[in-house]
Amino acid sequence: MDTPLTGVSYELPAAKRSFRLTTDVSRPTTLSSVSTRVTAEWTFTSAHVAGVGQRMPLSVVRFTPRLSTESTAKAGTRFSVPFTVEGAATARTARKLAFSVSYDDGRTWHPAKAVDGKRLDLRHPAKAGTVSLRVTLTDAAGNTLKQTIHRAYRTIK
């Protein structure tokens with residue numbers, strides 16, 4: 001389907017099946033210089049449930065770094081990026097939760113260390129630039145998420 005994820009409902013087949021759902025949302029840099037593209041891909045299994053309103057077993061990760069009002073952080077420093085896992089999984093129920101960071105607009109990705117299941121511990125390069133964040137998650141039921149925020153924020157000297 002090429003329809004937006006706007007809270008509308010979709011009817012899934014009654015038989016147990018595996019599904020893949022993707023979204024890719026971009027906005028021009030003339031509108032904002034950060035979070036210019038957000039992508040997510042979920043895989044999950046679903047089967048018939050009696051009644052209406054069954055929620056799909058999807059999860060997302062919300063990043064909440066403390067940034068300036070211009071969405072910037074200091075280059076060349078250690079930086080903490082708090083996160084929460086929301087939806088079907090939590091940071092405790094996730095079987096696999098892995099993060100990566102890119103300082104070159106997503107051309108290369110480096111593992112990012114998660115501390116206490118609550119925050120990322122990053123080391124910003126000395127050169128000013130952008131920071132992109134990626135997470136992959138697998139929950140206890142085998143449902144997955146791959147989420148990327150391109151240019152999540154910028155770093156300045």
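Since the model is a prediction, treat every value here as computed from it, not as a measurement.

### Observations regarding the packing of aromatic side chains
Then, in step 1: A complete count under the given rule lists four aromatic pairs for this structure.
Then, in step 2: Summarising the aromatic geometry, the rings of Phe19 and Phe44 are spaced 5.5 Å apart at their centres and angled 25° between planes, so their arrangement reads as stacked. Of this pair, Phe19 sits in strand E1 (residues 17–26) while Phe44 sits in strand E2 (residues 37–46), and the two are 25 residues apart along the sequence.
Then, in step 3: Overall, the relative accessible area of 18% leaves Phe19 in the buried class.
Then, in step 4: With relative accessibility at 5%, the residue Phe44 sits in the buried group.
Then, in step 5: Taking 4.5 Å as the distance between ring centres and 50° as the angle between the ring planes, the aromatic pair formed by Phe83 and Phe99 counts as tilted. Taken together, the positions of Phe83 in strand E5 (residues 78–87) and Phe99 in strand E6 (residues 94–102) put the pair 16 residues apart, joining distant regions of the chain. When sorted by exposure, Phe83 lands in the same class as Phe99, which is buried.
Then, in step 6: Taken together, the ring pairs in this structure connect Phe63, Phe83 and Phe99 into an aromatic cluster.
Then, in step 7: For the cation-ring pair, Arg134 lies above Trp109, with the distance from its terminal atom to the ring centre recorded as 4.0 Å.

### Description of the side chain of Asp121
Then, in step 1: Looking at the element boundaries, Asp121 is found in strand E8 (residues 119–123).
Then, in step 2: A polar contact is formed between the side chain of Asp121 and the side chain of Arg78, at a distance of 2.6 Å.
Then, in step 3: Apart from the residues within four sequence positions on either side, Asp121 is in contact with Arg78, Phe79, Lys113 and Val115.

### Thoughts on the pattern of salt bridges
For side chains of opposite charge, pairing can occur when their charged atoms come near one another.
Then, in step 1: Scanning the model with the defined rule gives five salt bridges in all.
Then, in step 2: Between Glu41 and Arg20 there is a salt bridge, with the nearest N and O atoms lying 3.4 Å from each other. Of this pair, Glu41 sits in strand E2 while Arg20 sits in strand E1, and the two are 21 residues apart along the sequence.
Then, in step 3: Residue class for Arg20 comes out exposed when judged on its relative accessible area of 58%.
Then, in step 4: Asp24 is the partner of Arg37 in a salt bridge, and the nearest nitrogen-oxygen pair spans 2.6 Å. Placement of the pair is Arg37 in strand E2 and Asp24 in strand E1, with a sequence separation of 13 residues.

Basis of the calculations
Residues numbered from 1 in each chain as written. Predicted model: local features only at pLDDT ≥ 70, side-chain atom pairs only at ≥ 80, totals over all residues. Heavy atoms only, no water. Phe/Tyr/Trp six-rings, centres within 6.5 Å; stacked < 30°, edge-to-face > 60°. Helix = DSSP H or I, 4+ residues; strand = E, 2+ residues; numbered from the N terminus. Buried < 20%, exposed > 50% of the residue type's maximum accessible area, 1.4 Å probe, protein only. Lys NZ or Arg CZ within 6 Å of the ring centre and 35° of its normal. Polar contact = N/O pair within 3.5 Å; in protein donor to acceptor, adjacent residues only side chain to side chain. Contact = heavy atoms within 4.5 Å. Salt bridge = Lys/Arg side-chain N within 4 Å of Asp/Glu carboxyl O.

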